[in-house]
Amino acid sequence: MANTKSAKKAARQMVRRTEVNKNRRSAVKTDVRKVEEAIASGDKTAAIAAFKSAEPSLVRTAQKGTIHPKAASRKVSRLAQRIKAMA
């Protein structure tokens, strides 16, 4: 348990940041899932629309430090590649 005043504050901040990061990660997973479902259904226009929503979400999450920037880049790249292959 935190003993100093600064350690107690850091613990409070950690709880708040953990909640924000969980929400952010969850939103990204939802966006990626929507793209994957559109790809699976074979609807290219829906896949492109979902991808245009998911890409900024992934990049923003990486900039905030919630996920690794290279992981976000990899996900964007792989989704774009799968959409391109739908033609």
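This write-up is about the structure you can find in this document. (Residues numbered from 1 in each chain as written. Predicted model: local features only at pLDDT ≥ 70, side-chain atom pairs only at ≥ 80, totals over all residues. Heavy atoms only, no water.)

Our focus in this paragraph is the overall build of the protein. Assigned secondary structure in the protein consists of three helices and zero strands. For the protein, the α and β elements follow one another from N to C terminus as α-α-α. Taken over the C-alpha trace, the protein has a radius of gyration of 17 Å; the compact-globule value for 87 residues is 12 Å, which it surpasses by more than 25%. Here the C-alpha coordinates of the protein stretch approximately 60 × 20 × 15 Å along the principal axes. Within the protein, buried positions represent 25% of all 87 residues. If you take every contact in the protein between residues at least 6 apart in sequence, the share linking residues at least 24 apart comes to 61%. (Helix = DSSP H or I, 4+ residues; strand = E, 2+ residues; numbered from the N terminus. Rg over C-alpha atoms; globule rule 2.2 N^0.38 Å. Buried < 20%, exposed > 50% of the residue type's maximum accessible area, 1.4 Å probe, protein only. Contact = heavy atoms within 4.5 Å.)

Moving on to the pattern of salt bridges. When their charged atoms lie close together, side chains carrying opposite charge are able to pair. On inspection of all chains with the given rule, the structure shows two salt bridges. With a shortest N-O distance of 3.2 Å, Arg-33 and Glu-37 are connected by a salt bridge. Within this pair, Arg-33 and its partner Glu-37 are both found in helix α1 (residues 5-41), separated by four residues, close to a single helical turn. Arg-82 is the partner of Glu-36 in a salt bridge, and the nearest nitrogen-oxygen pair spans 3.8 Å. With Glu-36 in helix α1 and Arg-82 in helix α3 (residues 69-84), this pair connects stretches of sequence that are 46 residues apart. Of the residues examined, Arg-82 reaches a relative accessible area of 39% and is grouped as partly exposed. (Salt bridge = Lys/Arg side-chain N within 4 Å of Asp/Glu carboxyl O.)

The next point concerns the environment of Ala-71. Relative to the assigned elements, Ala-71 resides in helix α3. On the basis of relative accessibility, which here comes to 15%, the residue Ala-71 falls in the buried class. Sequence separation between Ala-71 and Lys-44 is 27 residues, and the spatial gap between their C-alpha atoms is 24 Å.

With that settled, consider the side chain of Thr-66. Relative to the helices and strands, Thr-66 resides in the loop between α2 (44-63) and α3. Side chain to side chain, Thr-66 and Asn-21 meet in a polar contact 3.0 Å long. Filtering out sequence-adjacent residues up to four positions away, Thr-66 remains in contact with Asn-21, Arg-24, Arg-25 and Thr-61. (Polar contact = N/O pair within 3.5 Å; in protein donor to acceptor, adjacent residues only side chain to side chain.)

A few words on a positive patch on the surface. Positive charge collects at one region of the surface, where Lys-5, Lys-9, Arg-12, Arg-16, Arg-17, Arg-60 and Lys-64 lie side by side. In terms of residues, the positive patch owes the most to one element, α1, which gives five residues. Structurally, the position occupied by Arg-16 is in helix α1. (Patch = residues over 30% accessible without salt bridge, like charges linked within 9 Å, V, L, I, M, F, W, Y side chains within 5 Å. Areas by Shrake-Rupley, 256 points an atom, 1.4 Å probe, with all protein chains shown as cover. Lys, Arg positive; Asp, Glu negative; His and termini not counted. Charge placed at Lys NZ, Arg CZ, Asp CG, Glu CD.)

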